[in-house]
Each structure stands twice: as C-alpha cells, then as structure tokens.
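Working through the structure, step by step
Spelled out from the first residue to the last, the chains are:
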Amino acid sequence: MPHYKIAIVGAGPAGYFTAQALQSAQSEDLIFSIDMFERLPTMWGLVRSGVAPDHPKIKSVSKVFEKIASDPNFRLFGNVEVGKDIDIEEICPRYDAVVMCTGSSIGRKLGIPGEELPGSLSAAEFVPWYNGHPDYVNVKVPLDGDTAVIIGAGNVAMDCARILALNPTELDSTDTALHALAALHASNIRKVYIAGRRGPEHAAFTSPELRELPKLEHTDVVIDATEVHDAHERALAAGEIEKHTAANLEAWRLIAEHPRAGHERSMEFHFLSAPKEIRGNGRVEEVIFGINEIRAGKVVDTGETRSIKTNLVISAIGYHSDYIKGVSFRDGKVENDNGRVLGTNIYTVGWAKRGPSGVIGTNKSDAADVVKLLIEDLDPEPKNGGDITVVIPLSIPIIDQTGWTKINEAEIAAGVVVGKPRIKEVVIPELISLAE
Ligand SMILES: Cc1cc2nc3c(=O)[nH]c(=O)nc-3n(C[C@H](O)[C@H](O)[C@H](O)COP(=O)(O)OP(=O)(O)OC[C@H]3O[C@@H](n4cnc5c(N)ncnc54)[C@H](O)[C@@H]3O)c2cc1C
C-alpha cells in the first residue's frame, strides 16, 4: 500500500489543519506519515502568541491540534528552524510533498517620518511581547505616558487597544506573559486612541469584537455619535449595505449610545484619520494625523491635521511573511498558485499562502483545498527519500511531541496554583529543559 511522507513546516493552525486533512484523506490504499517542523520549542503558532489572553475560549482549538498530533504517524520536530537549522533543499528530496505553513509575522510599515523613533512599535512586536513569544520578551514598550495611539481598524488593532485600556487586574487570571502583566500593572496609560484612515463603515473590525466593548467593566469606549450617523448615511447612499457592514454599524450605534460610566480608563475611536508623521526628540512625543473625508465614495485628504500627544504608537496595519532561505516570496507571501509552488514538491497553506486574513477556521478549509491538490499531484510510487533525522545537526535539541507535552503540562501546572490557565515560560533554554 502506498505510504507517502509529508513534511509540514510551521506548527500553527495551518500546519495542524494540513495534518488533519491528510489524516482524513487516508484509506487502505493511501497512508501518510507526517513530520512537522517548528522553529520554536512551543507549538500552536498565533493561537499561543497572537490570540488575546482575555479571549481564552478561542485557544481551546489547541485541544484539536493535540489530538491531530497524537496520531502514531505524526512526528514533531520542534525547535528546528527551516532555512536556518535545516535547509529546504535538504527537506524536499526526502518527502513526497512539503507544505509551508510558516505564517506572516512581520508588521507592515506605515512609511511615515518618525516611525523609527523609540516608542513607535508594530503590533507584530507588541502582541508577541504580551503573549510571551521568546523572541519579543525584551521589546521596549513605554508605558510611562498617559496616552497610547493604535493605528489600524482591524481586530489586531482592537486587541492591542483592549490590552492597554483594560484594568490589568482583568488580565491577572489569564495567560498574559508575566513580564508584560507586571509592566501593565505599572502602566500610566489611561487613554487609548484607535485611528482608522477611512470611515467606521469601512473598518475591518468584526461585530462580535465590537459588541463586547460596551461590556468592559473598567473602560469607557467612545465613538462620536455623529461619526456613526454619517457612516450609516454614507453606507446607505452607496447602495445595499453588506451584512458585515450592517452588523458593524449596529454595533457602533450601541457603543455610541452606551452611557459613559466616567471610568478613569477609556478607548476612543477616531476615523478618517491618516497618520502623517510621528514627532519627538529621542522618543515618540506626538502623532500628526491628516483629516480625511469621503467624497463620492472616495477617501480624500482635507488638508487639515490633528495632533495627539503620546509616547506610544502601535501600528496594526497588516503583516507580511518573513524570508526563508530557499523559498520564493512575492507580495509578502510564499509565491504560489492556489497553494502549489510551481515546479517543486512544495505547497503552502494559511497566512504564508494567503497573507494575513481570515480567522483560525479559515485555515481549515484552506488546508483541505490544498491537500486535495497535493494528493492529485502525488506520484504513483512514493519517493522513499531517506530519514530526515540524519541531516538535523546534533547540536540542536529537538522538541518532539513527548517533550512538547512536558512543556505544556508544566506550564499548565504552574498556572493552576495561581488561578491562571498556564504560566508561559518565555526563555528558550528554560523551555528546552522543561521538555527533558
Ligand atoms: C494578534 C492576532 C490575534 C488573532 N486573534 C484571533 C482570534 O481571536 N480568533 C481567530 O479566529 N483568529 C485570530 N487570529 C488569526 C489567526 O491567528 C490566524 O488565522 C492563524 O494563526 C494563521 O495560521 P498560520 O498557521 O498560517 O500562521 P501562524 O499561526 O503564524 O503559524 C506559523 C508557525 O510557523 C512557524 N514558523 C515560521 N517560520 C518557520 C520556519 N522557518 N521554520 C519552522 N517553523 C516556522 C511559526 O513559529 C509559527 O508557529 C489572530 C491573529 C493575530 C495576528
């Protein structure tokens, strides 16, 4: 019976759902052995290092991932970075197919003067800082000022704003990294602005996230009722309102009508505001926004400006993939044709393939589509290209599934005693020793 070997690079949702799609496609005539490579000693990609700590239910998908990994034909090679510890050229000949599920981890730049000043961060640094990604533990997040500005109008911007605007006691029972939790407790930030270039009707926030805002216990959420009304009028004038937009406009209306409780902490939305410049002497001190308006459905710069004094600016305007040696990238994604990397036995799924869009579940249908193509392309005879373990340098401590289970259980056990879902270990050598 044909027994094919498939390598999956990246242990995020796309990687696990690819493994699941392969496992589901198996039959008496088609067997898959799956080797998953992950650069970190910890698994689950953005489910661990992206999803906000105050949204713990979303992380329960990790149980599905662990079930997938418990299959006897699944092997994990954690702490092995493809393109650095082992080259893609060494992987490809040993597998019938290689699926790149390496995500999209670099923040897009605003491209405005002052963006490099200390205190100007990308969500791609701030989010993994509070979520305990080992590479971002030392990010400098200035929390001494009373105001923060978030640039962007999607759920990542919203997560950043909420984490800064919540009373940190609300995060005490979460898996927020301990260094970040301590910094947030000491934070002076009381006002968080979220600025979007277009109108509320264009924002990429999703309505469940908007609807939870009036329920925040210690934070007033503010949007100008006129801004919501105008957005509604513009959307009506533009024709039939799409379902997503209608749901958002209704959520905005509820936020605007929600009485302010007079909390010390607030989150305030400013639309039609495009960042022009970040100013400061040695650190961020001010952000200058150009004021836009919408004319005949188009966003137009009015020439007016507005300044917000702040020491912390976080841009959340999208991600692109990090370069991996031996893999061709285009427009911030692995260069691909519906998931196939033409002329190779490489495929791609998830954010590495599509760019940073879609929720966790989107990667499941994506994986199913690409695995279908992969199976169509398989040679009748499996390659039998030899074992990969001989080419992984001996100096690299590989975290296998047993090792990862030990890390996972140790973190959960450390959390139980203090009423948290887990305490994340954030130092790589410490993670490796937990796996022993
Ligand atoms: C801040 C944030 C919050 C989000 N919140 C939600 C939410 O609440 N609900 C929701 O449904 N969706 C949410 N999403 C979206 C969701 O996280 C993504 O859809 C999903 O994680 C994409 O999966 P992926 O596997 O393509 O990428 P990732 O999750 O990024 O996984 C990629 C994996 O590849 C590994 N890797 C990268 N390069 C290499 C290499 N060279 N060698 C080996 N391994 C490598 C990475 O370490 C990582 O583990 C959020 C996204 C972000 C950024």
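Rules used throughout
- Residues numbered from 1 in each chain as written.
- Predicted model: local features only at pLDDT ≥ 70, side-chain atom pairs only at ≥ 80, totals over all residues.
- Near = placed C-beta within 6 Å.
- Helix = DSSP H or I, 4+ residues; strand = E, 2+ residues; numbered from the N terminus.
- Nonpolar A, V, L, I, M, F, W, Y, C, P; charged D, E, K, R; others polar.
- Domains from an automatic or database assignment.
- Core = buried A, V, L, I, M, F, W, Y, C linked by C-beta atoms within 7 Å.
- Buried ≥ 20, exposed ≤ 12 C-beta atoms within 10 Å, placed from the backbone.
- Contact = placed C-beta atoms within 7 Å.
- Pairing = 2+ DSSP bridges.
- Expected span 1.5 Å × (residues − 1).
- Arc of directions from axis to C-beta.
- Axes fitted to C-alpha atoms, helices over the stretch in contact; angles between N-to-C directions.

1. Quick word on the site of the ligand
Around the ligand sit 34 residues, and of these G10, G12, G45, G103 and G350 come closest. Put simply, the parts of the chain that give the shell around the ligand at least two residues each are α1 (13-24), β2 (31-38), α6 (155-165) and α11 (351-354). Considering every element that reaches the shell around the ligand, the biggest residue donor is α1, with 3 residues. Among the residues forming the shell around the ligand, the class breakdown is 18 nonpolar, 12 polar and 4 charged. When residues of the shell around the ligand are sorted by domain, at least three fall in each of domain 1 (3-105 + 321-434) and domain 2 (108-318).

2. A word on the nonpolar core
The biggest cluster of nonpolar side chains holds 65 residues, and the ones touching the most others in it are I150, A157, C160, A161, V192 and I314. Per element, the largest residue contribution to this core is 8 residues, and it comes from α6. Among all residues touching C160, those that are not within four sequence positions of it are A123, F126, V127, I150, I314 and A316. In this structure, F32, I91, A97 and W404 belong to the second largest nonpolar core, which totals 51 residues.

3. Comments concerning the pairing of strand β14 (residues 312-315)
Covered by surrounding structure in β14 are L312 and I314 together with V313 and S315, the residues of both alternating faces. In terms of strand pairing, strand β7 (residues 147-151) meets β14 through 4 bridges, oriented parallel. Note on β14: the bridge partner recorded for A148 is L312.

4. Quick look at helix α9 (residues 225-237)
Since the α-helix advances by 3.6 residues per turn, residues separated by three or four positions end up pointing in the same direction. Relative to the 18 Å expected for 13 residues at 1.5 Å per residue, α9 spans 18 Å between its end C-alpha atoms, a close match to the ideal helical length. Residues V228, A231, H232 and A235 constitute the buried set of α9. Buried residues of α9, viewed axially, fall in a sector of 100°; they line one side. For α9, exposure combined with an orientation more than 90 degrees from the buried face picks out T226, E233 and A237. In this structure, the buried residues of α9 make contact with α10 (243-257). Downstream of α9 by a residue or two, G239 has a phi angle that is positive, lying close to 120°.

5. Quick look at helix α3 (residues 62-69)
All of the buried residues in α3 are F65, I68 and A69. End-on, the buried residues of α3 take up no more than an arc of 95°, which puts them together on one face. For α3, the exposed residues set more than 90 degrees away from the buried face come down to K63 and K67. Where α3 is buried, its residues meet α1, β3 (74-78) and α13 (401-416).

6. Re the domain arrangement of the chain
The assigned domain composition of the chain is domain 1 (3-105 + 321-434) and domain 2 (108-318). Measuring from the centre of the C-alpha atoms in domain 1 to the corresponding centre in domain 2 gives 32 Å. Counting residues at the interface gives 20 residues for domain 1, matched by 21 residues for domain 2. Here the side of domain 1 that touches domain 2 is composed, by residue class, of 10 nonpolar, 5 polar and 5 charged.

7. Here we look at the environment of V349
Its location among the elements puts V349 in the loop between β19 (346-348) and α11. Each C-alpha atom of the pair V349 and V371 lies 9.0 Å from the other, and the pair is 22 residues apart in sequence. Apart from residues lying up to four places away in sequence, V349 is in contact with A14, T18, V99, C101, G339, N363, D366, A367 and V370.

8. Description of the sheet that holds strand β11 (residues 273-279)
What the 3 strands build is an open sheet, ordered β11-β12-β13; its pairing is antiparallel. Taken across any chain shown, the strands that pair with only one partner, and hence form the sheet edges, are β11 and β13 (298-309). Adjacent strand axes in the sheet meet at a mean angle of 20° when their direction is disregarded. Judged from the 6 bridges that link them, β11 and strand β12 (residues 286-295) form a sheet pairing that is antiparallel. When the bridges of β12 are listed, R279 appears paired with E286.

9. What to know about the environment of M267
Note on placement: M267 falls in strand β10 (residues 265-270). For the pair M267 and A124, spaced 143 residues apart in sequence, the C-alpha separation works out to 21 Å. Once residues within four sequence positions are removed from consideration, M267 is found in contact with A161, A165, V192, I194, T219 and V221.

10. Considerations on unusual backbone geometry
Residues other than glycine seldom take positive phi values, yet A296 does so here, at roughly 50°. Topologically, A296 is positioned in the loop between β12 and β13. At N384, a position not held by glycine, the phi torsion is positive, near 55°. Mapped onto the elements of the fold, N384 is located in the loop between α12 (362-377) and α13.

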